[in-house]
Amino acid sequence: MTDTVLVNHLLEPPNVISGISRYLFALLEELAQSRRYRYVLATTWSADKLPASLRQTSIDIRTLPYHPKTPVNVLKQLAIVPRLMRETGAVLEFNCNPVGTFWGGWPRVITVHDMYMETMPASYPRRHRLWWSVLFPLSLRAASAVVCVSDSTRRDVETRYPHCKDKLVVVHEAPIIDAAEPGVTRSDDRFEAPYALYVGNVSPNKNVEILVEALTLLQANGRAPIVYHVGRDSAGLLAEAERRFGCNIVRKAGTLSDAELVSAYQGAACFINTSLNEGFCLPIVEAQSLGVPVICADIPVLREVAGEGAMFFAPDDASVLARRIETVFGDEGLRQRMAQASLDNAERFSWHKAAGETQDIFDAVLAGCAMPNVANVPQHAGAFGDR
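The residue numbers shown here count from 1 along each chain, following its written sequence. Given that this is a predicted model, residues contribute local features only at a pLDDT of at least 70 and side-chain atom pairs are listed and counted only at 80 or more, while totals for whole chains, interfaces and linings are drawn from all residues. Hydrogens and waters are ignored; side-chain quantities use all the structure's heavy atoms.

Chemist: Please give an account of the sheet that holds strand S7 (residues 168-170) that cites residues and values.
Modeler: Here seven strands make up an open sheet; going across it, the order is S3-S2-S1-S4-S5-S6-S7 and the pairing parallel. Of all the strands in the sheet, the pair left with one neighbour each is strand S3 (60-63) and S7. Between one strand and the next, the sheet's axes are offset by a mean angle of 20°, whatever the strand orientation. Bridge count between strand S1 (residues 4-9) and strand S2 (residues 38-43): six bridges; the pairing is parallel. Within S2, the position partnered with Val-5 by the bridge is Tyr-39. In the packing of helix H14 (residues 351-367) onto the sheet, the strands contacted are S1, S2, strand S4 (92-95), strand S5 (108-112), strand S6 (145-148) and S7, and the crossing angle to S4 comes to about 140°. Here the rule is simple: two strands pair whenever DSSP picks up at least two bridges between them. Helix and strand assignments follow DSSP, with helices taken as H or I runs no shorter than four residues and strands as E runs no shorter than two, numbered in order from the N terminus. Convention adopted: a line fitted to C-alpha atoms gives each axis, helices being fitted over their contacting stretch, and angles between N-to-C directions are expressed from 0 to 180 degrees. Contacts are assigned to residue pairs that have any heavy atoms within 4.5 Å of one another.

Structure follows, in structure tokens:
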């Protein structure tokens, strides 16, 4: 008889796509196809709002009420999850979030996507930091294993919670968008070529002021390329950076559907990332999977993820970023080499691989064995980093 895994998706808001929900849906689709385990999804989403590809699997979907306040949500989980474990006969709980149930005698695997609450605490309200400081250690202690989406995130957890070292396992994410999806086209009249893309909702870790400063330097010399921002600027950080430099230099594309984003990537001369801190940085791998040259900040997690397929710059040096952008836009042969390097690097990541590694963790937990040794991730030199 196939063992049952209860998938905990109760902390994410209902019917609203988030990075964690996208991660879980992509992973869960592959998990269900393997048939190594039977899966019950405890979710706040209505079944009809879930991706069609997920509804078509054998997953048992249980929709439950949502509470937006994290501490209340977790307290409700302490009552709901034990009942579901009993009703479904589940032998293990897999939580796509880092906090949730922290008592009960069953094996439990949690997921840590980043450690921003502790690596950049000033960016979060005090009450959020308070609840994190209470709930995360409890969840961490109760977990049989902890999935980290990058080796950089694993090191962040280990540094702050060394007693959990043996629980930590790296399972990389993978591209979610697909150029082969229906409705994807190769052109979009909203984007004036040639252009670069800057993708992601602007938050303090994104370091967007360095991009604005670099473009301002290029503009002063009459060489500023077109750069589009795809995503939201809810806190006005991009707008504030432009006011500080006295310009309106980044074009705003807003949020795009997956098909529109694929089209935007495919038409781009390059993709730019300026982050000071990331858990994984999925847009880099998505851009690379579509053969887009990548320029990104030289921080450990981006060395790990972008690998040999990127050109790097010091994240506090706008002049170097400006030179990188100018070099890539001015050299078609270099763009072609970088495009191929992007494709080659992206082959390291797949949801099929991630699902297999995740189920290996389930196997190890249930067998009482040591965690699979997949955390030794090389830090790549970067094929274009010294230009």
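Okay, back to it.
Chemist: Quick one: what's the story with helix H3 (residues 70-88), residue by residue and with numbers?
Modeler: For a helix, the expected span equals 1.5 Å multiplied by the number of residues minus one. With 19 residues, H3 should cover 27 Å at 1.5 Å per step; its first-to-last C-alpha distance of 25 Å lies within 8% of that length. Note on bend: the value at a residue is the angle between axes fitted to the seven residues ending there and to the seven starting there. Maximum bend of H3: about 30°, positioned at Gln-77. Each residue is placed in one exposure class: buried if its accessible area under a 1.4 Å probe, protein chains only, is under 20% of its type's maximum, exposed if it is over 50%, and partly exposed if it falls in between. Those residues of H3 not exposed but buried are Pro-71, Asn-73, Val-74, Gln-77, Leu-78, Ile-80, Val-81, Pro-82, Leu-84, Met-85 and Thr-88. Of the surrounding secondary structure, the elements contacted by the buried residues of H3 are S1, S2, S3, S4 and helix H5 (126-142). After H3 finishes, the residue Gly-89 shows a positive phi value of roughly 70°.

Chemist: Tell me about the nonpolar core, and name the residues and values.
Modeler: Generally speaking, a soluble globular protein has its nonpolar side chains buried in company with each other. Each nonpolar core is a collection of buried residues, namely Ala, Val, Leu, Ile, Met, Phe, Trp, Tyr and Cys, held together in the definition by side-chain atoms within 4.5 Å. Counting 102 residues, the largest nonpolar core has Phe-94, Leu-197 and Tyr-265 as the members making the most contacts within it. The dominant element in this core, judged by the number of residues it contributes, is helix H1 (residues 19-34), at nine residues. What Phe-94 contacts, discounting residues up to four positions off in sequence, is Val-5, Leu-6, Val-7, Asn-8, Tyr-23, Leu-24, Leu-27, Val-109, Thr-111, Thr-358 and Phe-362.

Chemist: Break down unusual backbone geometry for me, with residues and values.
Modeler: The bulk of non-glycine residues show a negative phi, and the bulk of peptide bonds are trans. With omega at -5°, the peptide bond leading from Ala-193 into Pro-194 counts as cis. Looking at the secondary structure, you find Pro-194 in the loop between S7 and strand S8 (195-199). Even without being glycine, Asn-15 reaches a positive phi, approximately 60°. Of the residues examined, Asn-15 reaches a relative accessible area of 34% and is grouped as partly exposed.

Chemist: Which residues make up the sheet that holds strand S10 (residues 251-254), and what are the values?
Modeler: If you walk across this open sheet you meet the six strands as S10-S9-S8-S11-S12-S13, and the pairing is parallel. Strand pairing shows two members of the sheet lacking a second neighbour, S10 and strand S13 (310-313), which therefore form its edges. Across the sheet, the mean angle separating the axes of adjacent strands is 25° when strand polarity is ignored. Bridge count between strand S11 (residues 270-273) and strand S12 (residues 294-297): three bridges; the pairing is parallel. Following the sheet pairing, Asn-273 is matched in S12 by Cys-296. On the sheet, helix H12 (residues 318-330) packs against S8, strand S9 (226-230), S11, S12 and S13 and is oriented at approximately 155° with respect to S13.

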